[in-house]
Amino acid sequence: MQRTLNTTDSNRGMDTSSPAVFVNAELLSKYVGKKVRAVVQVLRTEGGNIIGNSTDEMQLVIKGHLPPQLTTFVEVIGIAESNQSIRAEIVTNFGDTFDALSYNRVCQLANGDQKSLFL
């Protein structure tokens, strides 16, 4: 697979060959097997997994290596395994407050008419 590097002055060397698609739970089924990005409200951890709500208030399971401490909201980048689960490659704490409605709108734009703006 050929890798594409973005060589603009502000992003020199940034790898854009495999961007993660912005998703909520409703959109996840369209990207099974693909790299996705989602923000999840952590409800609990169970067996090393995160059980949480997507920004469209549907439950997701996040599998994979988790940080030792989790905030209320986390961003997950990983591979969509099913319409309800993501195998996390990166989990980033996003704090205890987050505008889920705005992020959900970004997911809709990134998968709709404005898709080209989101790589």
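- Per an unreviewed UniProt entry, the protein chain is named Replication factor A protein 3, and its organism is Coptis chinensis.
- As recorded by UniProt, the Subcellular location (unreviewed entry) comment attached to the protein chain reads in full: "Nucleus".
- The UniProt entry for the protein chain carries this comment under Sequence similarities (unreviewed entry): "Belongs to the replication factor A protein 3 family."

1. Regarding the overall build of the protein chain
Next, step 1: Scanning the protein chain for helices and strands turns up two helices and eight strands.
Next, step 2: Scanning the protein chain from its N terminus toward the C terminus, one meets helices and strands in the order β-β-β-α-β-β-β-β-β-α.
Next, step 3: Put simply, the protein chain has 119 residues, and 32% of those count as buried.
Next, step 4: For the protein chain, long-range pairs separated by at least 24 residues make up 48% of all intrachain contacts whose partners lie at least 6 apart in sequence.

2. As for the pattern of salt bridges
Next, step 1: Overall, the coordinates contain five salt bridges when judged by the stated rule.
Next, step 2: Taking the shortest distance from any N to any O, the salt bridge between Arg37 and Glu75 comes out at 3.0 Å. Of this pair, Arg37 sits in strand S4 (residues 35-46) while Glu75 sits in strand S7 (residues 73-82), and the two are 38 residues apart along the sequence.
Next, step 3: Here Arg87 ties to Glu81 by a salt bridge, and the two come within 3.2 Å at their closest N and O atoms.
Next, step 4: Its relative accessible area of 33% is what places Glu81 among the partly exposed residues.
Next, step 5: Each of Lys63, Glu81 and Arg87 takes part in a single network of salt bridges with overlapping partners.

3. Remarks on the environment of Ile51
Next, step 1: Relative to the helices and strands, Ile51 resides in strand S5 (residues 49-54).
Next, step 2: Distance from Ile51 to Ile62, taken between C-alpha atoms, is 6.5 Å for residues 11 residues apart in sequence.
Next, step 3: Not counting chain neighbours up to four residues away, the residues in contact with Ile51 comprise Gln41, Val42, Leu43, Arg44, Glu46, Gln59, Leu60 and Val61.

4. Here's the deal with the side chain of Glu75
Next, step 1: On the basis of relative accessibility, which here comes to 10%, the residue Glu75 falls in the buried class.
Next, step 2: Within the local environment of Glu75, its side chain forms a polar contact with the side chain of Arg37, the two groups lying 3.0 Å apart.
Next, step 3: With residues near it in sequence (within four places) discarded, Glu75 still touches Arg37, Ala38, Val39, Ile90, Val91, Thr92 and Phe94.

About the cut-offs
- Along every chain, residues carry numbers that run from 1 in the direction the sequence is written.
- The predicted nature of this model means local features are confined to residues of pLDDT at least 70 and side-chain atom pairs, given and counted, to a pLDDT of 80 or more, with totals for whole chains, interfaces and linings taken over all residues.
- Think of the side-chain values as coming from all heavy atoms in the structure, minus any hydrogens and water.
- UniProt positions are given in the numbering used here, feature names are shortened, and annotations may be inferred rather than shown by experiment.
- Secondary structure is summarised from DSSP: a helix means a run of H or I of at least four residues, a strand means a run of E of at least two, and numbering begins at the N terminus for each.
- Whether a residue is buried, partly exposed or exposed follows from its accessible area with a 1.4 Å probe, protein chains only, as a fraction of its type maximum: under 20%, in between, or over 50%, in that order.
- In this analysis, two residues are considered to be in contact whenever any of their non-hydrogen atoms come within 4.5 Å of each other.
- The salt bridge criterion pairs a side-chain nitrogen of Lys or Arg with a carboxyl oxygen of Asp or Glu, the two atoms within 4 Å.
- In protein, a polar contact requires one atom able to donate a hydrogen and another able to accept it; more generally it is a pair of N or O atoms within 3.5 Å, and residues adjacent in sequence count only if both atoms are side-chain atoms.

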